[in-house]
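# Per-entry structural report
These are the residues of each chain, in order.
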Amino acid sequence: MPADATSPTSPLRLLLVEDEEHLAAGLRLNLELDGFEAVVAGTGREAAEALLSARAFDAIVLDVMLPDIDGFTLCERIRSAGNYTPVLMLTARNDPEDRVRGLEAGADDYLAKPFELPELLARVRSILRRRRWDKREEKNGGPRAVVTIGEARVDFESHEVAVRGEPVKLTRLELDLLRYFVEHPGKVVSRQHLLEEVWKLHNYSTARTVDNFVSRLRRHFEPDPQNPVHIVSVRGAGYKFVP
Ligand code: CA
């Protein structure tokens, strides 16, 4: 169980991936004043090296525009390496496409530049809190950590997914969507509702991203993805999960 950021003994450790030195130094100072330990990486390569170090990070603040790699790609690589450390992505503008891209790459939240410092601190605390809730719920036997869907077995705690015994990698957001379905069996949910509940996107009109994710999940969890029996489409309404 990670300590609170206010604990003087073991501060939460953040990786700050930001190439603008002035901004990075200012953020590090303020994060440290707020009780965090912050490690700065100025490039994607430095970030990758830091992530290989012995001590794990509690969260990653990741700028999209980096000199050697973009933050979306780096986030995808972090996730496909099986690392589910919470990621707050710093996007250059408040563009819904950028936000969706970040979340599809496996980020937990995003913040558009320029931002106010208190907002960054609040978002960092929020992704850390959400992760602690996940852990607590699982410990208290809240939502079941391990479920079977047809011939697939999903462990929401360890993020291990196996279909017919073969391991399958899902991104954080794919797992979140699957978990939402699993926790609401038999309920018809609209794309807009899923965007709000899973993606945390409000007033975002393009629901196609939900369809893309549903197709990806069907490829893994449906015996015949063309004729789904678990994540079924409800014409004109959305989707329904049938365990
Ligand atoms: Ca940058």
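What you see is a predicted model, and the numbers here were worked out from it, not measured in a lab. (Residues numbered from 1 in each chain as written. Predicted model: local features only at pLDDT ≥ 70, side-chain atom pairs only at ≥ 80, totals over all residues. Heavy atoms only, no water.)

## A look at the pattern of salt bridges
According to the stated counting rule, one finds 13 salt bridges in the structure shown. Salt bridges sharing common partners tie together E18, E20, D63 and K113. (Salt bridge = Lys/Arg side-chain N within 4 Å of Asp/Glu carboxyl O.)

## Quick notes on the coordination of the calcium ion
Taken together, D19 (OD), D63 (OD) and M65 (O) make up the full set of protein donors to the calcium ion, lying 2.1 to 2.3 Å away. Counting residues between consecutive donors of the calcium ion along the chain gives the motif D-x43-D-x1-M. We classify D63 as buried; its relative accessible area is 2%. Taking relative accessible area as the criterion, M65 reaches 57% and is therefore assigned exposed. (Donors = N, O, S within 2.8 Å, 3.2 Å for Na, K, Ca; no water. Buried < 20%, exposed > 50% of the residue type's maximum accessible area, 1.4 Å probe, protein only.)

## Here's the deal with the packing of aromatic side chains
In total, this model carries 2 aromatic pairs according to the counting rule given. Taking the centre distance of 6.5 Å and the plane angle of 80 degrees together, the rings of F181 and Y239 count as edge-to-face. Placement of the pair is F181 in helix α6 (residues 172-183) and Y239 in strand β12 (residues 238-241), with a sequence separation of 58 residues. Here Y239 falls in the buried class, since its relative accessible area comes to 3%. Relative to F241, the ring of F181 lies with its centre 6.4 Å away and its plane at 25 degrees, an arrangement referred to as stacked. Here F181 is found in helix α6, whereas its partner F241 is found in strand β12, with 60 residues between them in sequence. (Phe/Tyr/Trp six-rings, centres within 6.5 Å; stacked < 30°, edge-to-face > 60°. Helix = DSSP H or I, 4+ residues; strand = E, 2+ residues; numbered from the N terminus.)

## Things to note about the packing of α6 against helix α8 (residues 208-221)
In the contact formed by α6 and α8, the axes pass within 10 Å of each other and the chain directions differ by 80 degrees. The angle between α6 and α8 falls in the class roughly perpendicular. The residues of α8 that touch α6, namely those facing L173, E174, L177, L178 and F181, are F213, V214, R216, L217 and F221. (Axes fitted to C-alpha atoms, helices over the stretch in contact; angles between N-to-C directions. Parallel < 35°, antiparallel > 145°, perpendicular 65-115°, else oblique. Contact = heavy atoms within 4.5 Å.)

## Regarding the pairing of strand β11 (residues 231-234)
Both β11 and β12 contribute to a ladder of 4 bridges, which runs antiparallel. Looking across to β12, one finds that S233 is bridged to Y239. (Pairing = 2+ DSSP bridges.)

## Remarks on the pairing of strand β4 (residues 87-91)
Counting buried residues in β4 gives 5 out of 5 residues, a clear majority hidden from the surface. Burial along β4 is two-sided: the residues V87, M89 and T91 and L88 and L90 are all buried. Both strand β3 (residues 59-63) and β4 contribute to a ladder of 4 bridges, which runs parallel. Counted as the bridge partner of D63 is L90 from β4. Summarising the sheet, β4 and strand β5 (residues 109-112) pair through 4 bridges and their orientation is parallel. Its bridge partner lying in β5, M89 is registered against Y110.

## Overview of helix α4 (residues 96-104)
Every buried residue belonging to α4 is among D98, R99, V100, G102 and L103, and all of these are buried. Residues of α4 that are buried sit in contact with α3 (71-80), β4, β5, α6 and α8.

## Some details on the confidence of the model for the protein
Overall, the prediction assigns the protein a mean pLDDT of 85, with 88% of residues at 70 or greater. Across residues 1-8, confidence stays below pLDDT 50; counting only partners more than four residues off in sequence or on other chains, it has 17 contacts. (pLDDT = per-residue confidence, 0-100.)

## Notes on the environment of V210
Here V210 lies in helix α8. Each C-alpha atom of the pair V210 and L177 lies 9.0 Å from the other, and the pair is 33 residues apart in sequence. Leaving out residues up to four positions away in the same chain, V210 has contacts with R191, L194, L195, W199 and Y239.

## A few points about helix α1 (residues 21-33)
In a regular helix each residue adds 1.5 Å, so 13 residues correspond to 18 Å; α1 covers 18 Å between its end C-alpha atoms and thus fits that length. Looking one or two residues beyond α1, the residue adopting positive phi is G35, at roughly 100 degrees. (Expected span 1.5 Å × (residues − 1).)

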